[in-house]
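Architecture and fold: a report
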Amino acid sequence: MAQDTAQQAPAAPATPARALLPLILPALVVGVGASLIFVGVSAAAEAFQDVLWQNLPDALGVGRYSVLWMLVMLTATGVAVGLVVWKVPGHAGPDPATLGLDAPVLPPVVLPGLVLATALMLAGGPSLGPENPIIAVNVAIAFWLGQRFLPRAPGRLWPALAEAATIGALFGTPVAAALVISEALAGRQVKGALWDNVFAPLMAAAAGALTTTLLAHPSFDLHLPPFGRPGWGDLLAALVIASAAAVFGMCAVRAFPYVHAAFARLRHPMLMLPVGGLVLGLLAAVGGHLTLFKGLEEVGEIAADPDGWSAGEFATMTAVKLAALLVAASCGFRGGRIFPAVFVGAAFGLCAHALVSGVHPSVGVAAGVLGMLLAITRQGWVSLFTAAVLVASPTIIALLCFASLPAWLLVTGRPQMQLRDDGTPVR
């Protein structure tokens, strides 16, 4: 019966090649352009970060990561970003708590302020990544230039190309973009075959990833101890750690609308952001300098020596980083939540390794990142891909697939770490 039904089901009509060929050049241009913007903003932020956290404290004779300097720098970053949000035309875009990876098309007047606020945030130390604002910038630029130079192309093409290109550039591989696209298409009614629909975005993602790889040489491999043949203990550890990390991440998700509402009562960006910066400075004083910034370089540092910290120290870094992510995302800093969530998940997994020596560091990190990203992003494929690529071990993928099932049951249908314009959580 099932075979007869399958034989009777009509196949999706294929898109003619002549309809796909004209998309190649725009996809390549958008992919390269999106990567150049990402690499340029990141490079400028890193150079400014060196000035703020190395050159300036050295010149003043202050410890680079002393409690005083962290308090001053995080508060000053809040003041600087607050000024941009208050005074620069466009006010650096909408409330970042309402934005996800699927960015709206912003007016061009918003983009300079958004880029400046993002660069200041990345350099100053708040626990957010560049993904959401960079995607928003690239979507806006691609849409407005595309509408001007290729007005006959459908308007929805440009945001799709820009989002895919930026995700490819951020991760240094088009695979992440392909997974996000396929997950997005699963909830829509689309015409034609799947690969016809992902053809142009995948081309843009590949161009963005290759450009970033050639210019910046990104690597997500944490060089953890090699993980060999998995055993039953590894499976149990992955199931428990991923589920526990998801529950821990959901605590921040639950608190998100309340923390956001508390900062919103301050009403003005010159109050919200400096106060948020001060709170972040106090958190950094507790958690140390590794809990600053987006977390990608810092997660490499803690993973380089899995036995270099105690379980209590890993637990402190985990809790402080998650709290810093919650505060930074609530008070108005422009940034994304994926990269700091990776640090939280990795520290959570290493804490499990420190508590139970039989937990392999690679299993702990991968499962912790998987559960945390599922709770924070609700992006199943991206969570699984990121967790797997961090440990660069093919044998761990089967464990992560099993571990994702109970973790997903814990988070699905519950609020996301994203708000609507009225402050209610997105489900």
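The text that follows walks through the structure, step by step, so that each part is easy to find. (Residues numbered from 1 in each chain as written. Predicted model: local features only at pLDDT ≥ 70, side-chain atom pairs only at ≥ 80, totals over all residues. Heavy atoms only, no water.)

A pair of packed helices is captured by two measures, namely the crossing angle of their axes and the spacing between those axes. Close contact between helix α10 (residues 232-264) and helix α13 (residues 311-331) brings their axes to 9 Å; oriented N to C, the two are set at 35 degrees. Once α10 is placed against α13, the crossing between them reads as right-handed. Counting all contacts with α10, which are made through Phe248, Gly249, Ala252, Ala255, Phe256, Val259, His260 and Phe263, the residues of α13 involved are Thr318, Ala319, Leu322, Leu326, Val327, Ala329, Ser330 and Cys331. Among the residues forming the contact of α10 with α13, the class breakdown is 12 nonpolar, four polar and no charged. (Axes fitted to C-alpha atoms, helices over the stretch in contact; angles between N-to-C directions. Helix = DSSP H or I, 4+ residues; strand = E, 2+ residues; numbered from the N terminus. Left-handed = near helix turned anticlockwise from the far one by under 90°. Contact = heavy atoms within 4.5 Å. Nonpolar A, V, L, I, M, F, W, Y, C, P; charged D, E, K, R; others polar.)

Across all of its chains, the model carries one salt bridge by this definition. Note that Arg64 and Asp58 form a salt bridge whose closest N and O atoms lie 2.7 Å from each other. Residue Arg64 is classed as partly exposed on the basis of its relative accessible area of 35%. Given a relative accessible area of 42%, Asp58 falls into the partly exposed group. (Salt bridge = Lys/Arg side-chain N within 4 Å of Asp/Glu carboxyl O. Buried < 20%, exposed > 50% of the residue type's maximum accessible area, 1.4 Å probe, protein only.)

Considering all chains together, one arrives at seven aromatic pairs under this definition. Their ring planes at 70 degrees and their centres at 6.1 Å tell us that Phe171 and Phe385 sit as a pair that is edge-to-face. You can see Phe171 sitting in helix α7 (residues 157-171) and its partner Phe385 sitting in helix α16 (residues 380-391), a full 214 residues away along the chain. Taken together, the aromatic side chains of Trp53, Tyr65 and Phe293 make up a single cluster linked through ring pairs. (Phe/Tyr/Trp six-rings, centres within 6.5 Å; stacked < 30°, edge-to-face > 60°.)

Here the focus is the environment of Ala237. Mapping Ala237 onto the fold places it in helix α10. By relative accessible area, which is 12% here, Ala237 ends up buried. The contacts of Ala237, once residues within four sequence positions are left out, are Val359 and Val363.

An α-helical segment advances 3.6 residues per turn. Residues three or four places apart therefore align on the same side. For helix α14 (residues 338-355), with 18 residues, the first-to-last C-alpha span of 26 Å sits near the 26 Å given by 1.5 Å per residue. Taking burial as the measure, the 18 residues of α14 include 16 buried ones, the bulk of the element. (Expected span 1.5 Å × (residues − 1).)

A few words now on a nonpolar patch on the surface. Together, Val32, Leu36, Leu210, Leu214 and Leu215 line one region of the surface with nonpolar side chains, adding up to about 470 Å² of accessible area. Looking at the nonpolar patch, the elements with two or more residues in it are α3 (24-60) and α9 (194-216). The greatest single-element share of the nonpolar patch, amounting to three residues, is contributed by α9. Counting through the fold element by element, Leu210 comes out in helix α9. With relative accessibility at 52%, the residue Leu210 sits in the exposed group. (Patch = residues over 30% accessible without salt bridge, like charges linked within 9 Å, V, L, I, M, F, W, Y side chains within 5 Å. Areas by Shrake-Rupley, 256 points an atom, 1.4 Å probe, with all protein chains shown as cover.)

With that settled, consider the nonpolar core. Judged by nonpolar contacts, the single largest core of 136 residues is most densely connected at Trp53, Phe171, Ile302 and Phe333. Setting aside its immediate chain neighbours within four residues, Ile302 contacts Leu290, Trp309, Phe314, Met317, Phe343, Ala347 and Leu350. (Core = buried A, V, L, I, M, F, W, Y, C linked by side-chain atoms within 4.5 Å.)

Before going further, it helps to examine a positive patch on the surface. A contiguous patch of positive charge on the surface is contributed by Arg254, Arg414, Arg420 and Arg427. Tracing the backbone through its elements, the reader meets Arg254 in helix α10. Looking at Arg254, the relative accessible area reads 45%, which means it is partly exposed. (Lys, Arg positive; Asp, Glu negative; His and termini not counted. Charge placed at Lys NZ, Arg CZ, Asp CG, Glu CD.)

Let us look at the environment of Gly336. As for its placement among the helices and strands, Gly336 is situated in the loop between α13 and α14. Taking the C-alpha atoms as reference, Gly336 lies 5.2 Å from Glu131; in sequence the two are 205 residues apart. Non-local contacts of Gly336, meaning those with residues more than four positions away in its chain, are made with Leu128, Gly129, Glu131, Asn132 and Pro133.

Assignment of secondary structure puts Glu298 in helix α12 (residues 296-304). Lys321 provides the closest opposite charge to the buried, unpaired Glu298, separated from it by 5.8 Å. Polar contacts involving the side chain of Glu298 include one to the main-chain amide nitrogen of Gly295, which spans 3.4 Å. For Glu298, the contacting residues outside a window of four places in its chain are Leu290, Leu292, Phe293 and Phe343. (Polar contact = N/O pair within 3.5 Å; in protein donor to acceptor, adjacent residues only side chain to side chain.)

The subject of this paragraph is the environment of Leu374. Checked against the element boundaries, Leu374 lands in helix α15 (residues 361-377). Its relative accessible area of 2% is what places Leu374 among the buried residues. Separated by 127 residues in sequence, Leu374 and Val247 place their C-alpha atoms 9.9 Å apart.

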